[in-house]
Amino acid sequence: MSKPVVVYGASGYTGRLICEYLREYNVPFVAAGRDKARLQESLDHIPGLDTVDHEVVEVAHEVGPLTELFAGASVVCNTVGPFSEYGHEVVQACLASGAHYLDTTGEQDWLISAEERYGADMAAQGLLLSPGVAQMYTTGEIAANICLETPGLDTLDILVFWKGYPTVASTRTILVNAALSSAYYLEQNEYQEWPADGGLHDVVVPGHHETGLALPWGGTSHPVWFKRDPRVANVKAIGGVFDRALMQGVPMIVAAVLEQIKDLPEAEKLKVLNEQAAAVRDEMPPRENQRLNTSLDSVHASGPLGRAHCVIHGTCNYKQTGLLQAYAAYSLLQQPPRRAGFASACQAFGHRELLGVLRSFGLVSNPVLTVHA
């Protein structure tokens, strides 16, 4: 029997959390992936999952089998990355089956490619193509849009920080991004490339006496989303973890990997990148602790005659991601998105609505907004 939502990659850390929050919304779903036994083992760790209608399905990562799996579903939540490598088959299957597409990416090259290749076709079918529905991007986008409620601001300076452990998938994505794609910021509505050897940035972290260290982190999705926003001309986004020692080690890890793969053919590069990612992080991180795993999104917005600063303190960034994905799927089952085709979470569902969802589950505090205009 078909279900309205498919969680593809449900055996991973984030996929499991999406299933958990779909249970909260009482949305039936299919938990899908390439290994049924691994899927079942992962889902067995979700308390009370037997209270929601669901099934576990093994599927090959090919357009045909995925299209067959998605038939009858309304929404696909994709967590299988790197998305620049594995995302195309999933979007093509969504187009063929008529399903909305959501994922958790922050890979700029994937966002740009997805819009160029599939945005118009998805829009023509009234389908949403929304990569990057995740805490690291959406919560900051909410803060940016709160700032932009003040007219006349055209420049966004975005910072995201979190306290926790990277997953296996996110570690692999970081290395693949650094090795195989460029990172961009937005300047006068044109993409500008971050220096490849730009290194760490010293940043002021709101609410802390100590400064922090941040990186462009692949450029993030913000410059891509706001390039389509007529209010905004300039966007820079950087991020990091509160652990300074860990941040200091990231450039060295990336530099060592880049040196190792510089003369290899493309297929061999990916093989080495996957091996190195596994060496950095090869186990499932522990479940987030709401008292320990905090997040912080800070946005300075400015214009010729005005300033606004919004800070959103939160907890459990992966839980935020799981909830945002589940709510987006739940909303799409009730009504069409505000914008079809290529659109961010805020463009598709509304930033105040998404803030309300995160607040209702106790995952973010009330935004702290300061305006000088």
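As a reminder, the structure under discussion sits directly above these lines.
Residues numbered from 1 in each chain as written. Predicted model: local features only at pLDDT ≥ 70, side-chain atom pairs only at ≥ 80, totals over all residues. Heavy atoms only, no water.

J.: Just to check I follow, could you spell out the nonpolar core for this structure?
T.: It is characteristic of soluble globular proteins that their nonpolar side chains tend to be buried jointly. In terms of nonpolar packing, the biggest core is built from 60 residues, with Val-5, Leu-22, Phe-29 and Leu-156 touching the most fellow members. The element best represented in this core is helix H11 (residues 317-334), accounting for 7 residues. Residue contacts for Val-5: discarding those within four places in its chain leaves Leu-22, Val-27, Pro-28, Phe-29, Val-30, Val-75, Cys-77, Ala-329 and Leu-333. Listed in part, the 32 residues of the second largest apolar core include Val-57, Val-59, Leu-66 and Phe-70. (Core = buried A, V, L, I, M, F, W, Y, C linked by side-chain atoms within 4.5 Å. Buried < 20%, exposed > 50% of the residue type's maximum accessible area, 1.4 Å probe, protein only. Helix = DSSP H or I, 4+ residues; strand = E, 2+ residues; numbered from the N terminus. Contact = heavy atoms within 4.5 Å.)

J.: Is there a simple way to think about the pattern of salt bridges in this case?
T.: Side chains that carry opposite charge are capable of pairing whenever their charged atoms lie near each other. Following the criterion strictly, the structure yields 8 salt bridges and no others. Notably, a salt bridge pairs Arg-338 with Glu-353, separated by 2.9 Å at the nearest N-O pair. Of the two residues, Arg-338 is situated in the loop between H11 and strand E15 (341-342) and Glu-353 in helix H13 (residues 351-360); the sequence distance between them amounts to 15 residues. What makes Glu-353 partly exposed here is its relative accessible area of 34%. Salt bridges here are not isolated pairs; linked through shared partners, they connect Lys-3, Asp-53 and Glu-55. (Salt bridge = Lys/Arg side-chain N within 4 Å of Asp/Glu carboxyl O.)

J.: Any chance you could explain the pairing of strand E14 (residues 306-315) here in plain terms?
T.: In regular strands, side chains alternate between the two faces of the sheet. Of all 10 residues making up E14, 8 are buried, and the element is well covered by its neighbours. As paired strands, strand E13 (residues 294-303) and E14 are joined by 10 bridges and run antiparallel to one another. The residue of E14 that forms the bridge with Ser-298 is Val-311. Hairpin connection from E13 to E14: 2 residues lie between these consecutive antiparallel strands. Note that E14 and strand E16 (residues 368-372) share 5 bridges and pair antiparallel. What sits directly across from Ala-308, in E16, is Val-371. (Pairing = 2+ DSSP bridges.)

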